[in-house]
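Residue strings, one per chain:
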Amino acid sequence: MSKTLSRGFVIDKPLNLAGFRTVVMDRDVPYEIQAVCPADGARLRVLATLRGRADGCTIRIGWCSACNYVGYIDRPAQAWVDRFYASGTWDVARTGHRGLLGKGEIEPNPALRIFLDSEVPKDTFVCDVGCGYGESLRLLKDAGYRSLAGIEASPHRASHAATYADVPVYGGGFEHFLQKIRTDAGDKSIALLSNHVLEHIQNPGSLIDAASKIQKPGDLFALSVPDVWHEVSLLQLLFFPHLHSFSIDSLSLLFARHGYTIVSRDLSDPRMLTVIAKKADGRVPLGQKEFAFLPMQNKFLRALGLSGKQRKGPFRLWWYKKVDGGGQDPIFASRTVDLFLARVLERLRRRVPGGRFPWKWRSSGTQSLMASPLTEQSGSEDSLLIEFAEKIFLLYK
């Protein structure tokens, strides 16, 4: 007799993705396997498995016991990802964004603060790695930095950034063009800036390694990434552009392996890790830690509404867009009643008081999928199983 598993469900279809789009991940997509943690080389333990019922395609998400890293074990191959980013359609909704059109103020990202607060001398050569549309480069130029350059893998972003910031922007692979930055900088010290980039690239270590080869002892690398503990759990499983989720221990180990020490994390906030790493003059010792699986498992169970009794019928799997919180609501047979109650709950959740996250993050609203209980003859007791009624689909903006 089949049983209902409390650690899984079936995703039937999208309900409200609010700006996100879907891409099918089936057997026609070439995959590669990342079996070890990119931060420390430890073997990853399976945290969750995605499986398409239509073709049996499987994607695993892993967890590292040495640093609490979370990321895809099975992910699209580099060539497929390169074509995806080069297509120009993956963030088409942003091509008319406020900064480029000159509408409103550009809000500096946390990693940029060390430059805007004048902690880095103005004669330093500053390179924004993954400069996007050039907002940070423009702010740096306005702040008085004159030796600037950017690197951006997405061609349409690189083109916009060069025009908007009016500085050299190299379009293509980070590792290759970092060597070009060393030549451009001459004898100057190089400071690197990277905001929400490391989680996107196939091999994060290759970027840090390339940086270490062009920076001198004492040079700084300011970097921001989502915090694994507070990133939206559902998106850690389904938002495929984010291949990796890092903890402070992950970043410390990753930088240490390439000769850096983290000298500050004061600019971090409840959602984002922002660290300042300094190139050391010699080897950096690696700290050895061992973490328990249960805290990370419980984070996902709570956010996905799986920590209690599993619902017996179809339900609305919802989550906040910008903070890690979510759950399961019943779906009613009457579409009118169902939509009415969904809207009421959406408004209530936008206005929920208190909590560790600012209201402006909760007020961004929620997203949702239609899901059903997962029934199996047997199931894993310590990992999540998320099936798709048809083929696996992942999310992107």
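Residues numbered from 1 in each chain as written. Predicted model: local features only at pLDDT ≥ 70, side-chain atom pairs only at ≥ 80, totals over all residues. Heavy atoms only, no water.

Details of the sheet that holds strand β12 (residues 220-226)
Phase 1: Across the sheet, which stays open at both edges, the seven strands sit in the order β10-β9-β8-β11-β12-β15-β14 with mixed pairing between neighbours. Across the chains shown, the open sheet's two edge strands, defined by having one partner strand only, are β10 (169-171) and β14 (260-264). The average undirected angle you get between the axes of adjacent strands in this sheet is 25 degrees.
Phase 2: Relative to strand β15 (residues 272-279), β14 is paired through four bridges, and the arrangement is antiparallel. The residue of β15 that forms the bridge with Ser264 is Ile276. (Pairing = 2+ DSSP bridges. Helix = DSSP H or I, 4+ residues; strand = E, 2+ residues; numbered from the N terminus. Axes fitted to C-alpha atoms, helices over the stretch in contact; angles between N-to-C directions.)

Re the layout of surface pockets
Phase 1: Within this model, the second largest pocket holds a volume of roughly 420 Å³.
Phase 2: Contributing to the lining of the second largest pocket are 20 residues, with Leu15, Arg316, Leu339, Ala342 and Ser368 lying nearest its centre.
Phase 3: Mapped by element, the contributors of at least two residues to the lining of the second largest pocket are β1 (3-16), β16 (315-320), α11 (335-350) and β18 (366-376). (1 Å grid on protein atoms, 1.4 Å probe; cavity = no way out; pocket = protein on both sides within 12 Å on 5 of 7 lines; lining within 4 Å. Points joined across faces, edges and corners; volume = space filled by probe spheres on them.)

Looking at the pattern of salt bridges
For side chains bearing opposite charge, pairing can occur when the charged atoms are close.
Phase 1: In total, this model carries 11 salt bridges according to the counting rule given.
Phase 2: Here Asp26 and Lys391 are joined by a salt bridge, their closest N and O atoms 3.2 Å apart. Here Lys391 lies in the loop between β19 (384-388) and β20 (392-396) and Asp26 lies in the loop between β2 (21-25) and β3 (31-33), a separation of 365 residues in the sequence.
Phase 3: What makes Asp26 buried here is its relative accessible area of 11%.
Phase 4: Glu387 is paired through a salt bridge with Arg51; the nearest N and O atoms lie 2.1 Å apart. Taken together, the positions of Glu387 in strand β19 and Arg51 in strand β4 (residues 45-52) put the pair 336 residues apart, joining distant regions of the chain.
Phase 5: Under the relative-accessibility criterion, Arg51 is labelled partly exposed at 27%.
Phase 6: If you follow the salt bridges from partner to partner, you end up with Arg51, Arg53 and Glu387 in one network. (Salt bridge = Lys/Arg side-chain N within 4 Å of Asp/Glu carboxyl O. Buried < 20%, exposed > 50% of the residue type's maximum accessible area, 1.4 Å probe, protein only.)

Looking at the state of the cysteines
Phase 1: Under the criterion given, the structure shown has zero disulfides.
Phase 2: Left unpaired, Cys67 is separated from the closest cysteine sulfur, that of Cys37, by 3.6 Å.
Phase 3: Looking at Cys67, the relative accessible area reads 0%, which means it is buried.
Phase 4: In this structure Cys127 is a free cysteine whose sulfur lies 7.9 Å from that of Cys131, the closest cysteine sulfur available. (Disulfide = S-S within 2.5 Å.)

Here we look at the environment of Phe221
Phase 1: Mapping Phe221 onto the fold places it in strand β12.
Phase 2: We classify Phe221 as buried; its relative accessible area is 0%.
Phase 3: As for Phe221 and Ile208, which are separated by 13 residues in sequence, their C-alpha atoms are 9.3 Å apart.
Phase 4: When near neighbours in sequence (up to four residues on either side) are disregarded, Phe221 contacts Leu192, Ser194, Ile208, Ala211, Gln215, Phe255, Tyr260, Val275, Ile276 and Ala277. (Contact = heavy atoms within 4.5 Å.)

Some points on empty space enclosed by the protein
Phase 1: Tallied over the full model, the rule gives one cavity of 30 Å³ or more.
Phase 2: What the largest cavity holds in volume is close to 30 Å³.
Phase 3: Lining the largest cavity we find Val70, Gly71, Tyr72, Gln236, His242, Leu243, His244 and Ser245.
Phase 4: Of all the secondary-structure elements, those providing two or more residues to the lining of the largest cavity are β6 (70-72) and β13 (244-245).

Notes on a nonpolar patch on the surface
Phase 1: On the surface, Phe332, Val337, Phe340, Leu341, Val344 and Leu348 cluster together into a nonpolar patch covering about 510 Å² of accessible area.
Phase 2: Among the structural elements, Leu348 can be located in helix α11. (Patch = residues over 30% accessible without salt bridge, like charges linked within 9 Å, V, L, I, M, F, W, Y side chains within 5 Å. Areas by Shrake-Rupley, 256 points an atom, 1.4 Å probe, with all protein chains shown as cover.)

Remarks on helix α9 (residues 248-256)
Phase 1: Counting buried residues along α9, eight of its nine residues qualify, which places the element largely inside the surrounding structure.
Phase 2: The opening residue of α9, the one whose side-chain oxygen lies 3.3 Å from the backbone nitrogen of Asp249, is Ser247. (Polar contact = N/O pair within 3.5 Å; in protein donor to acceptor, adjacent residues only side chain to side chain.)

Looking at the packing of aromatic side chains
Phase 1: As enumerated under the stated definition, the model contains 15 aromatic pairs in all.
Phase 2: Aromatic pair Tyr69 and Phe246: ring centres 5.8 Å apart, planes at 55 degrees, arrangement tilted. Within this pair, whereas Tyr69 is found in the loop between β5 (58-63) and β6, its partner Phe246 is found in the loop between β13 and α9, the two being separated by 177 residues in sequence. Each member of the pair, Tyr69 as well as Phe246, is classed as buried.
Phase 3: Of the aromatic side chains, those joined through ring pairs into one cluster are Trp80, Phe84, Phe240 and Tyr396.
Phase 4: Across from the ring centre of Phe293, 3.8 Å away, lies the NZ or CZ of Arg45, which sits over that ring.
Phase 5: For the cation-ring pair, Lys299 lies above Phe300, with the distance from its terminal atom to the ring centre recorded as 5.1 Å. (Phe/Tyr/Trp six-rings, centres within 6.5 Å; stacked < 30°, edge-to-face > 60°. Lys NZ or Arg CZ within 6 Å of the ring centre and 35° of its normal.)

Digging into helix α5 (residues 155-165)
Phase 1: Taken as a whole, α5 has its buried residues at His156, Arg157, Ala158, Ala161, Tyr164 and Ala165.
Phase 2: Asp166 occupies a position one or two residues after α5 and carries a positive phi of about 55 degrees.

Some points on a positive patch on the surface
Phase 1: Residues Lys13, Arg335, Arg343 and Arg347 make up a contiguous surface patch of positive charge.
Phase 2: Among the elements that take part in the positive patch, α11 stands out by supplying three residues, more than any other.
Phase 3: Classification of Lys13 by relative accessible area gives partly exposed; the value is 43%. (Lys, Arg positive; Asp, Glu negative; His and termini not counted. Charge placed at Lys NZ, Arg CZ, Asp CG, Glu CD.)

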